[in-house]
Amino acid sequence: MQFDPLISIHLDKPGKDYLPSDNLVCDYQIDAIEAEEILMVEVSVLWVSSGKGDEDSGIHFIRRRLADTAMDADLREMERIETTLPPTPLSYTGEILSIQWCVRIRLILKNGDEYVVDQEFRVGEMALPKMEGITA
Amino acid sequence: MLKIERIWQTKQKSPSQHARMLGVLGELIFYNVLFLLGIIALGFLLFSFQQRIQHYFLLLAIISFVVIGGRGIVGILSSSKVAGRRLLQIRRVQRTGKTLLGEIQDHLPYVPSHDVYSDSHGTHFQYRLDRVRSDFWSMLAIACFSFTWAGVSVFLLLMCFDSLSDGFWSHWILWACLLSSVAICAWSAWYFFVQLKVITSVGPTILEIDTHPLQPGMSFNCMVRQTGMLSVKSLRLYLICEELASYHQGTDVRTEVVEVFNEQVGIEKNFQISLNEAFSMITPIQIPIQAMHSFRSSSNAIQWKLVVLARFKTQPTIRRQFPIIVHPIGAPSQIDVDQGVSGAV
């Protein structure tokens, strides 16, 4: 029986609430797979739209690590990324449109299998009360 | 500690791109074949020596082949252009190793620029708002539509007269088509004259605001000015926020609009406007504190606007829209950024 690899993502803020222009620190780690099986690990910070319209996305940060260029480094080991979030767009939940920020890890194996894990977080003014439809 | 996080995460295998690519390729081949068939058939028909009345029917069908095929090809190519732009975006970030923030010229990514504000300053307040669409263009569009249908109706009428020699009931479908065409033509002509009446009798509506850019919780003053010689039943001003979502349905691109905020911010009833003196109304407006900022991406948008709805005693009702830009709280204005840059230089 073959198990899927474990991909763990940890954000520095426990509530996963960030202000615009905040610094985001993220640790990620891969487990339950042999190091030799991994071809590439890609980490990105992006927003993705969902709802009635076609999906839009905006990549704010991306880093790709390849097994060839990592030399003897083990791509499974814990890795940290840091980035300053942009002022916009803020997270949003509306009627036919939602904007969601996330850290996305893409793991591609040498046999062609691909695994994607998203860790969602919120970017917005936390002091504001929530109201459906027009809430940032 | 890290593994505890996993229970909150979603894990999925990425779907294969091959099926999607095959689908697009199949669609592209289909539209190309349709387009080429249309062109070839059109050539044969136009250079045919035995031109009969039935050929003109055939001509309509062949032209529709060319139009549908051409439109499909353009639609697929423009979709692939958007996908290519996304790939370019990823590659640029990978190459430089920087975040996109440093490369984006806008100080507020995905917030529309201030092009909705007219270059000319207002007479009462500093900023004059531009309209979404003027009456002239809608009138021109309906005029083209109306004249096209008039042409089709005349053409059908000639065909009907031509077919009378075979007896009235032998070509009853042609007569039915003529009636439908005349009905469409009459409706479009009526709508054209309504638009013409709006243009000639209802003067321009001008909106000016005293603050820019706007932010949630911010109050500002708005002046509405209406010109023309009018007897007004009511003039209302609304603050509206809309979500716009565009999506592909086959090769069509459809856009759905949903109002998520609508507040009447000003009203005036039963008054007269003379040619010498325009009507003016100043009203304070507040952007809600919970408001989402304006947003625009390839297929989605959040749009704030001021809408004037005026009902007249004799003229048709008008609804004129003026988009405004709402920035997030605490965002520096473009003016501040520009001054900062020029100051440093």
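1. Some words on the overall build of chain A
Counting its secondary structure elements, chain A contains zero helices and nine strands. When the helices and strands of chain A are read in sequence order from the N terminus, they spell out β-β-β-β-β-β-β-β-β. For chain A, buried positions account for 34% of its 136 residues. Partitioning the intrachain contacts of chain A with sequence separation of at least 6 by distance along the chain shows that 65% fall at a separation of at least 24.

2. Describing the sheet that holds strand 1 (residues 6-11) of chain A
Strand pairing in a sheet relies on backbone hydrogen bonds, with the paired strands running either antiparallel or parallel. All names here are of chain A. Pairing is antiparallel across the open sheet formed by three strands, whose spatial order is 1-3-6. Two strands in the sheet have a free side with no partner beyond their single neighbour: strand 1 and strand 6 (79-84). Sheet twist, expressed as the average angle between the axes of neighbouring strands with direction ignored, equals 20°. The sheet contact formed by strand 1 and strand 3 (residues 23-31) spans six bridges and is antiparallel. Directly across from Leu6, in strand 3, lies its bridge partner Asp31.

3. Some remarks on the environment of A:Val25
Residue and element names in this part refer to chain A. If you trace the backbone, Val25 turns up in strand 3. Expressed as a C-alpha distance, the spacing of Val25 and Phe121, which sit 96 residues apart in the sequence, is 12 Å. The contacts of Val25, once residues within four sequence positions are left out, are Asp12, Arg80 and Glu82.

4. Focus: the pairing of strand 5 (residues 219-228) of chain B
Residues and elements named next belong to chain B. Two strands pair when backbone bridges link them, and strand 4 (residues 202-209) and strand 5 are joined in this way by six bridges, in the antiparallel orientation. Bridge pairing links Ile206 to Arg225 in strand 5. In the sheet, strand 5 pairs with strand 8 (residues 279-286) via eight bridges, with the strands oriented antiparallel. Looking at strand 8, one finds that Cys222 is bridged to Thr283.

5. Here's the deal with the nonpolar core
Nonpolar side chains in soluble globular proteins tend to be buried together. Counting residues in each nonpolar core, the largest one holds 58 residues, and the members touching the most others are A:Ile105, B:Leu306 and B:Ile324. When near neighbours in sequence (up to four residues on either side) are disregarded, B:Leu306 contacts B:Leu129, B:Leu207, B:Cys222, B:Leu237, B:Leu239, B:Phe322 and B:Ile324.

6. Side note on the confidence of the model for chain B
Here chain B averages 79 in pLDDT, while 76% of its residues score no lower than 70. The low-confidence segment residues 334-345 of chain B, where pLDDT is below 50, has four contacts with residues more than four positions distant or belonging to other chains.

7. Comments concerning unusual backbone geometry
For the bond from A:Thr88 to A:Pro89, the omega torsion is 0°, close enough to zero to count as cis. Tracing the backbone through its elements, the reader meets A:Pro89 in the loop between strand 6 and strand 7 (92-93). Cis geometry is found at the peptide bond from B:His212 to B:Pro213, where omega equals -5°. Note on placement: B:Pro213 falls in the loop between strand 4 and strand 5.

About the criteria used
Throughout this document, residue positions are counted from 1 along each chain, in the order its sequence is written. Just so you know, chain letters begin at A and ligand numbers begin at 1, following the order they were written in. Whole-chain, interface and lining totals are the exception, using all residues; otherwise, since this is a predicted model, local features are given only for residues with pLDDT of at least 70 and side-chain atom pairs are given and counted only at 80 or more. Secondary structure elements are taken from DSSP: a helix is a run of H or I of four residues or more, a strand is a run of E of two residues or more, and numbering for both begins at the N terminus. Partly exposed residues are those falling between the two cut-offs: more than 12 but fewer than 20 other C-beta atoms within 10 Å of their own, whereas 20 or more means buried and 12 or fewer means exposed, with C-beta atoms placed from the backbone. Residues are treated as contacting if the C-beta atoms built from their backbones sit within 7 Å of each other. By this definition, two strands are paired if DSSP reports at least two bridges between them. Orientation is described by axes fitted as lines to C-alpha atoms, over the contacting stretch for helices, and by angles from 0 to 180 degrees between their N-to-C directions. By convention in this section, buried Ala, Val, Leu, Ile, Met, Phe, Trp, Tyr and Cys residues joined through C-beta atoms within 7 Å make up a nonpolar core. Confidence of the predictor in every single residue is expressed as pLDDT, which spans 0 to 100.

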